[in-house]
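# Summary of structural features
Spelled out, the chains give:
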Amino acid sequence: MSQITVQTTREDAASRSLQVTVPPERVRAAEDRAVRQYARHARLPGFRPGKAPEAVVRKRYGEAIRQSVLEEVIRESWRQAVADTSLKPIGEPHIHNLKFTEGGPIEFEFHVEVRPEVKLERTGGFVVRREVAPVTDEQVAETLERLREQKAAWLPVEGERPAPGQMVVVEVAPIEEGERRPAQPYSLVLGQGQALPELEERIMTLLPGESTETEVRYPDDHPDESKRGQSRRVHLALHEVKRQELPPLDDAFAREVGDFESLEALRAAVRADLERDAAREADARVREALLDQLIEANGVEAPETWLERYLRSYAQLYQVDDERFAAFAAQFRPVAERQVRRDLVLAAVIEAQGLQATEAEVDERVAAIARARDLPVNQVYASLQKSNRLRELERAITEEKAFAHLLQQSTVEEVAS
């Protein structure tokens with residue numbers, strides 16, 4: 001039987017176009033298989049199940065048989081295309097220019113994105129600086145203050161107008177055509193940007209139990225585009241005001257926060273956490289600096305098709321519509337370009353050195369997570385699978401191995417802060 005022919009008609013760094021021809025005899029063979037499949041299960045008037053003549057089946061299920069033939073030859077052609085051309089596709093192919101005539105060959109084009117080839121001329125001998133920012137007493141104090149705020153009590157305020165930093169319970173009812181609509185209750189802390197500035201200012205003129213009507217204007221950068229610059233009249237009622245009472249910063253507070261015998265023990269733990277964060281940030285800067293040198297040394301470019309795909313992905317994440325995409329793409333292009341170059345060079349290192357995370361390494365990491373959370377391993381696995389984070393974990397392990405390999409070949413200079 002004649003072979004399916006696959007011929008590359010266009011290629012660039014990040015995509016391929018392949019012309020595919022499926023000879024008539026292979027089309028007929030696929031068609032015969034589809035007819036027999038439908039004949040076995042066909043229920044047609046006047047015939048016992050599975051006994052209808054093929055000619056009748058072809059007439060009755062012609063369009064479905066045609067679709068089955070197309071699906072089969074496309075699957076077979078794609079497998080052959082990948083094998084014959086050593087493609088490294090990053091997604092499913094798109095089908096273009098399909099031609100399927102009775103008794104003739106099936107012809108079409110595969111258009112597919114591929115991972116660009118990156119030639120690694122140099123992967124070592126780089127010098128990067130590692131500087132860990134010192135943890136200051138002010139940072140420790142700020143962290144302790146945030147802990148106090150989390151443990152603070154909210155106490156009622158009577159007979160006073162609310163001030164920034166206080167919590168209020170209000171009801172806001174829109175007024176449309178002179179009629180007050182149903183009110184919506186809100187609880188918010190003044191001065192934290194939780195309400196329109198004009199509304200907060202009006203709230204601070206009221207005493208608990210008072211109400212008023214006022215005009216509020218939505219700012220030009222409001223998240224809801226339909227409301228930008230619009231004004232609305234509302235009825236505003238203030239029901240309750242509360243002030244925040246912070247707990248004393250003492251040994252009792254430390255014991256309430258966690259398993260700490262004294263305030264000094266809590267302060268030491270906070271400093272240690274901040275120092276670990278600073279060390280992690282320093283390590284992240286080292287990895288990014290190393291990547292920058294690796295990208296430049298190997299002349300890694302960002303193909304336009306990949307840039308477009310990344311920019312579309314960012315636009316979807318930030319809910320940018322088509323009208324604003326051009327301006328958004330111009331602003332985010334440097335971010336997308338660096339991400340593309342980063343991904344390409346890392347993928348090249350991982351492939352060249354065989355650094356893909358193994359099943360055993362993933363199992364070991366999941367077991368470590370389970371121990372840390374005091375949970376059964378199978379429960380953690382199920383949770384990661386349900387949230388689609390298992391592949392994310394595998395990718396993280398793979399990147400860790402890649403950076404460990406790269407850092408072994410370069411020099412990290414510790415810089416005193």
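Structure: see above.
Residues numbered from 1 in each chain as written. Predicted model: local features only at pLDDT ≥ 70, side-chain atom pairs only at ≥ 80, totals over all residues. Heavy atoms only, no water.

### A look at unusual backbone geometry
To be explicit about the condition: Only runs of H or I of at least four residues qualify as helices and only runs of E of at least two qualify as strands under DSSP, and these elements are numbered from the N terminus.
Residue Glu177 is not a glycine yet carries a positive backbone phi of 55 degrees. Mapped onto the fold, Glu177 is located in the loop between β7 (167–176) and β8 (179–180). The backbone of Gln319 shows a phi angle near 55 degrees, a positive value even though the residue is not glycine. Along the chain, Gln319 falls in the loop between α8 (304–317) and α9 (322–353).

### Section: the packing of aromatic side chains
Rules: Side-chain rings of Phe, Tyr and Trp (the six-membered ring for Trp) are treated as a pair once their centres are within 6.5 Å; stacked means planes under 30 degrees apart, edge-to-face means over 60, and tilted covers the remaining angles. Each residue is placed in one exposure class: buried if its accessible area under a 1.4 Å probe, protein chains only, is under 20% of its type's maximum, exposed if it is over 50%, and partly exposed if it falls in between.
Evaluated as defined, the whole model comprises seven aromatic pairs. Ring plane angle 65 degrees and centroid distance 5.2 Å describe the contact between Trp78 and Phe110, whose orientation is recorded as edge-to-face. Linking Trp78 in helix α3 (residues 62–85) with Phe110 in strand β4 (residues 106–113), this pair joins segments that are 32 residues apart in sequence. On the accessibility criterion, Trp78 (15% relative accessible area) is buried. The exposure class of Phe110 is buried, given its relative accessible area of 0%. Centroid distance Phe328 to Phe332: 4.3 Å. Interplanar angle 20 degrees. Geometry classified as stacked. Of this pair, Phe328 and Phe332 both sit in helix α9, separated by four residues, roughly a single helical turn.

### As for the environment of Thr123
Convention followed: Two residues qualify as a contact provided that any one of their heavy atoms is within 4.5 Å of a heavy atom in the partner residue. Polar contact criterion, stated in full: a pair of N or O atoms within 3.5 Å, where within protein one must be able to donate a hydrogen and the other to accept it, and residues adjacent in sequence count only if both atoms are side-chain atoms.
Mapped onto the fold, Thr123 is located in the loop between β4 and β5 (127–131). Spatially, the C-alpha atom of Thr123 lies 9.4 Å from that of Ile295, the residues being 172 residues apart in sequence. When residues no more than four places from it in sequence are discounted, the contact partners of Thr123 are Leu294, Leu406 and Gln409. At 3.4 Å, the side chain of Thr123 and the side chain of Gln409 are in polar contact.

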